[in-house]
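These are the residues of each chain, in order.
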Amino acid sequence: MQITTQLALFLDNRPGMLARVCDALSEARINIYAITTSDTVDHSVIRMVVSDWRKALLLFEERGTLVVESEVLMVEGDNKTGSLARIAHKLADAGINIEYAYCATAPAAKKGLLILRTSNAKKALKVLNS
C-alpha cells in the first residue's frame, strides 16, 4: 500500500482519444497500472496511475493536454469477499471520506489493485496500515 500520484486528463469526447493517450504512453514506455474514464456530452476525464507519472505529465503537457495531478492510495489487496468493506469501514471510522475508487481483478486472481481518492491520503495510509 502506498500513496502515489494519479493523473487526470481532460479530453474531447470523440473516437480515438483513448487510443492516442495509450499510444503516447506506449511509445514513452510508460505502463498503465490503473485507469478509469468518465464522460460528459463534450469531454472525457481519464484518470490513471502509471509507472512514471512525472514523465507522463510532461508528455501530455507538451501536447497541450490539460492534466491535473492528485494524491491517491494504491492498495494491493486480497481478492476476497468483504475486503473493500473492511477498508471502507476503517476509513469511515477514522472520519476519512472516500471521494472515489476504481479497481479491477480477474476472478481467479489472488490479489487485486484498488485506487482510492480520499479526503486525506496520508491519514488514510496510516489508518489502513494500523
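Scroll up for the structure.
Residues numbered from 1 in each chain as written. Predicted model: local features only at pLDDT ≥ 70, side-chain atom pairs only at ≥ 80, totals over all residues. Heavy atoms only, no water.

Q: How should I be thinking about the nonpolar core in this particular structure?
A: One recurring pattern in soluble globular proteins is that nonpolar side chains are buried together. Core analysis: the biggest nonpolar cluster contains 18 residues, and L7, L9, V21, L25, M48 and F60 have the highest contact counts within it. Residue assignment for this core shows that the elements contributing at least two residues are β1 (2–12), α1 (17–27), β3 (43–50) and α2 (53–62). Sort the elements by how many residues they give to this core and α2 lands first, with five residues. What L25 contacts, discounting residues up to four positions off in sequence, is I30, I32, M48, V50, A56, L59 and F60. I96, L116, A124 and L128 belong to the second-largest nonpolar core, a separate cluster that totals eleven residues. (Core = buried A, V, L, I, M, F, W, Y, C linked by side-chain atoms within 4.5 Å. Buried < 20%, exposed > 50% of the residue type's maximum accessible area, 1.4 Å probe, protein only. Helix = DSSP H or I, 4+ residues; strand = E, 2+ residues; numbered from the N terminus. Contact = heavy atoms within 4.5 Å.)

Q: Even after reading the chapter, I still don't get α1, so can you show me in this structure?
A: Those residues of α1 that sit buried are M17, V21, A24 and L25. Taken down its axis, α1 places every buried residue within 95° of arc, on the same side. Exposed positions of α1 whose direction lies more than 90 degrees from the buried face are S26 and E27. Residues of α1 that are buried in the fold lie against β1, β2 (32–39), β3 and α2. After α1 finishes, the residue R29 shows a positive phi value of roughly 60°. (Arc of directions from axis to C-beta.)

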